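Structure at a glance
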Amino acid sequence: MLDVRRMRVLREVARRGSFSAAADSLAYTQSAVSQQIAALEREAGTRLVERSARGVRLTDAGRALVEHADAILARLADAEAELEAIAGLRGGRLRLASFPSAGATIMPEAIARFRDRHPAVELTLELSEPEPALVKLRAGDADLVLDITSAFRAPRDDGIERLHLLDDPMYVALPLGHPLARKRHLKLEELADEAWILGTTGSCPDASIFLHSCQVAGFEPNVTFNSDDYFAIQGFVAAGMGASFIPDLALITVRDDIVVRSLGPRPPVRLIWAATLKDSYASPARQAMVQILAEVSAEFASNRRTLALAS
């Protein structure tokens, strides 16, 4: 029978690319990692890892076992969570992951309320873009994550259960001296000739939402610079490098040398969700946090800074 603890070691070796890096991550010695892998290979009856001067690589058998390990370890995490929940909300842990703009707005208030109501539950929060956060969720390394999807594309059936929290409208940021800066509301078509600062399209759908909106408005944007840091984007806008889409959640702090303008009553939006693994054990702590996130999100949506931003 395969030892689950050794499967966890194999998965870490696969992630880190070397025995030494896996040892550092697991707080093991390199010798202990080597011994665990050797024992797992004896249990499996085949070679799982091949070493070379460039590091290690998995054999076909090793890759297959790592794929199964993710599912097995996720289910074990569910079992541990269920056992911890026997005591209700008088103990246990809840592991959260959030993208940065929600991590600066929704999550702090939600965590504060949760700790006030359930102080014995251990909470952890990791800031992570949605795609890597979902990877952690599937692997059993997170219990609840905040996800983003676009309004023009329904969430796919990917084994994730999502609860809608709020719609997060997009605004346009312009340099203070821009000719359109005095207008209270803009149409995207008016900005067709602008240079644009855009996030990358890999781990977060914000860039895809922007590109789709431009296509609907009838133009292909001239993207001159990329950044995934919205506060950095404000700096580039202030320096006159271009305009940018910025979602409401990322406008908790706005520089004095830019203007943020509405795109009208029906702006492009990103949808914010509380995401959990489908058919996984819904611990009392997780259910309580989902409820609190829904409360905080509803309050945030009803108190938007729209009038202040458009003034």
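The structure presented is a predicted model; accordingly, all values stated were derived computationally and were not measured. (Residues numbered from 1 in each chain as written. Predicted model: local features only at pLDDT ≥ 70, side-chain atom pairs only at ≥ 80, totals over all residues. Heavy atoms only, no water.)

1. As for the confidence of the model for the protein
Per-residue confidence for the protein gives a mean pLDDT of 88, with 93% of residues at or over 70. Per-residue pLDDT, averaged within each element of the protein, yields its smallest value for helix α11 (residues 306-310) (42) and its largest for helix α6 (residues 106-117) (96). Every residue in residues 306-311 is under pLDDT 50, and counting partners more than four places away or in other chains gives 12 contacts. (pLDDT = per-residue confidence, 0-100. Helix = DSSP H or I, 4+ residues; strand = E, 2+ residues; numbered from the N terminus. Contact = heavy atoms within 4.5 Å.)

2. Remarks on the environment of Ser 101
By the element assignment, Ser 101 lies in helix α5 (residues 100-103). On the basis of relative accessible area, Ser 101 is assigned to the buried category, the value being 11%. Beyond its immediate chain neighbours, meaning those up to four positions away, Ser 101 contacts Leu 249, Ala 250 and Arg 270. A distance of 2.8 Å separates a polar atom in the side chain of Ser 101 from a polar atom in the side chain of Arg 270. (Buried < 20%, exposed > 50% of the residue type's maximum accessible area, 1.4 Å probe, protein only. Polar contact = N/O pair within 3.5 Å; in protein donor to acceptor, adjacent residues only side chain to side chain.)

3. Structural notes on the pairing of strand β1 (residues 49-52)
Strand direction decides the pairing type here: β1 and strand β2 (residues 55-58), joined by four bridges, are antiparallel. Bridged to Glu 50 within β2 is Arg 57. Taking the residues between adjacent antiparallel strands as the criterion, β1 and β2 are bridged by two residues. (Pairing = 2+ DSSP bridges.)

4. A look at the pattern of salt bridges
Inspection of the entire model under this criterion finds 20 salt bridges. As a salt-bridge pair, Arg 63 and Asp 60 come within 2.1 Å of each other at their nearest N and O atoms. Placement of both Arg 63 and Asp 60 in helix α4 (residues 60-84) is noted, with a separation of three residues, approximately one turn of the helix. Classification of Arg 63 as partly exposed rests on a relative accessible area of 38%. For Asp 60, a relative accessible area of 60% gives the class exposed. Here Glu 295 and Arg 117 are joined by a salt bridge, their closest N and O atoms 3.1 Å apart. Here Glu 295, found in helix α10 (residues 284-302), pairs with Arg 117, found in helix α6; they are 178 residues apart in sequence, far enough to count as distant. Of the residues examined, Arg 117 reaches a relative accessible area of 42% and is grouped as partly exposed. Within the structure, one salt-bridge network assembled from shared partners comprises Glu 109, Arg 113, Arg 117, Glu 295 and Glu 299. (Salt bridge = Lys/Arg side-chain N within 4 Å of Asp/Glu carboxyl O.)

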